[in-house]
Amino acid sequence: MSYWLMKSEPGEFGIDDLIASPGRRTYWDGVRNYQARNFMRNDMQPGDQAFFYHSSCPQPGVAGIVRVACEAYPDHTAFDPTDKHYDPGSDPDNPRWFMVDIELERKLDRLIPLAELRAFASDRLDGMLLLRRGNRLSITPVSEDHWNFILSLE
DNA sequence: GCCAACGTTGGC
DNA sequence: GCCAACGTTGGC
């Protein structure tokens, strides 16, 4: 059982879009970074929990909690020339990109802003990958201590 | 819109 | 394998 943080732009797909999805479930397509892919493909397990994080928006921060609903499987959007995330280098017989399904566990009572997390960057959240300068990874692991502390801020 | 921090690409 | 150029991410 591991904890994760997954970034999404609310202008594209936010926590309320997940709430509106059938079964409050969706597939996490479009990851085109090898490190993030490896986390999904190699380390994510069904039942793992993840923070649903809003990025590139007026109020970046942790918006909700989701559950990994299956093991990673090939991201079919990589094979679709009309898709924004099309990658001609991904061969259906040897897929390059993967995705998992996620289900909403709950939306947080309030969004916990990035700025608030940053205030703890050198003590209670020391070492958290999200807070590392220049971090651009869309999927990062979260330690159990950090997970519990962030939820205590809610 | 700006810019820092990366990751990727491609010539050599 | 090196590295410059380029593209992307994402906070501010």
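Remember, it's a predicted structure, so these values are computed and weren't measured experimentally.

(A) Structural context of the overall build of chain A. In terms of regular secondary structure, chain A is built from five helices and eight strands. Each helix (α) and strand (β) of chain A, taken in turn from the N terminus, gives the series β-α-α-β-α-β-β-β-β-β-α-β-α. Taken along the three principal axes of its C-alpha coordinates, chain A extends 45 × 30 × 30 Å. Every one of the 154 residues in chain A was classed for burial, and the buried ones make up 44%. When contacts within chain A are restricted to residue pairs at least 6 apart in sequence, those whose partners lie at least 24 apart make up 73%. Of the roughly 8,000 Å² of accessible surface on chain A, 45% is carried by carbon and sulfur atoms. One way to put it: in chain A the 17 positive side-chain charges average out to a point 5 Å from where the 24 negative ones average out.

(B) Layout of the protein's contact with DNA strand B. Around DNA strand B lies a shell formed by Tyr34, Arg133, Gly134 and Arg136. Here DNA strand B approaches the protein such that, of its atoms within 4 Å, sugar and phosphate make up 61%. A distance of 3.0 Å is found between a phosphate oxygen of DNA strand B and a side-chain nitrogen or oxygen belonging to Arg133. Taken together, the residues of the surface near DNA strand B break down into one nonpolar, one polar and two charged.

(C) Just the nonpolar core, in detail. Met6, Trp28, Met44, Val100, Ile102 and Ile139 are the most contacted members of the largest nonpolar core, which totals 20 residues. Of all the secondary-structure elements, those providing two or more residues to this core are strand 1 (3–8), helix 2 (15–19), helix 3 (34–43), strand 3 (49–54), strand 4 (61–68) and strand 7 (101–113). Those residues in contact with Met44, other than ones at most four positions away along the chain, are Trp4, Met6, Phe39, Val68, Val100 and Ile139. In this structure, Tyr3, Tyr53, Ile112 and Phe149 belong to the second largest nonpolar core, which totals 19 residues.

(D) Spatial organisation of the protein's contact with DNA strand C. By nearness alone, every residue bordering DNA strand C is listed as Lys7, Tyr53, Ser55, Ser56, Pro60, Leu114, Arg118, Asn135 and Arg136. Among atoms of DNA strand C positioned within 4 Å of the protein, sugar and phosphate together represent 75%. Here a phosphate oxygen of DNA strand C and a side-chain polar atom of Lys7 are 2.9 Å apart. Between DNA strand C and Arg118 there is a distance of 3.5 Å, counted from a phosphate oxygen to a side-chain nitrogen or oxygen. In terms of residue class, the surface near DNA strand C is made up of three nonpolar, three polar and three charged.

(E) A look at the pairing of strand 1. Of all six residues in strand 1, six are buried; the element is thus mostly enclosed. With burial as the criterion, each face of strand 1 is covered, one bearing Tyr3, Leu5 and Lys7 and the other bearing Trp4, Met6 and Ser8. Alignment of strand 1 against strand 3, held across six bridges, turns out to be parallel. Among the inter-strand pairings, Tyr3 is bridged to a residue of strand 3, identified as Gln49. The pairing of strand 1 with strand 8 (residues 139–142) spans four bridges and is antiparallel. Residue pairing in the sheet places Trp4 in a bridge with Pro141 of strand 8.

Parameters and conventions
- Residues numbered from 1 in each chain as written.
- Chains lettered and ligands numbered in written order.
- Predicted model: local features only at pLDDT ≥ 70, side-chain atom pairs only at ≥ 80, totals over all residues.
- Heavy atoms only, no water.
- Helix = DSSP H or I, 4+ residues; strand = E, 2+ residues; numbered from the N terminus.
- Buried < 20%, exposed > 50% of the residue type's maximum accessible area, 1.4 Å probe, protein only.
- Contact = heavy atoms within 4.5 Å.
- Areas by Shrake-Rupley, 256 points an atom, 1.4 Å probe, with all protein chains shown as cover.
- Lys, Arg positive; Asp, Glu negative; His and termini not counted.
- Charge placed at Lys NZ, Arg CZ, Asp CG, Glu CD.
- Near = heavy atom within 4 Å.
- Polar contact = N/O pair within 3.5 Å; in protein donor to acceptor, adjacent residues only side chain to side chain.
- Nonpolar A, V, L, I, M, F, W, Y, C, P; charged D, E, K, R; others polar.
- Core = buried A, V, L, I, M, F, W, Y, C linked by side-chain atoms within 4.5 Å.
- Pairing = 2+ DSSP bridges.

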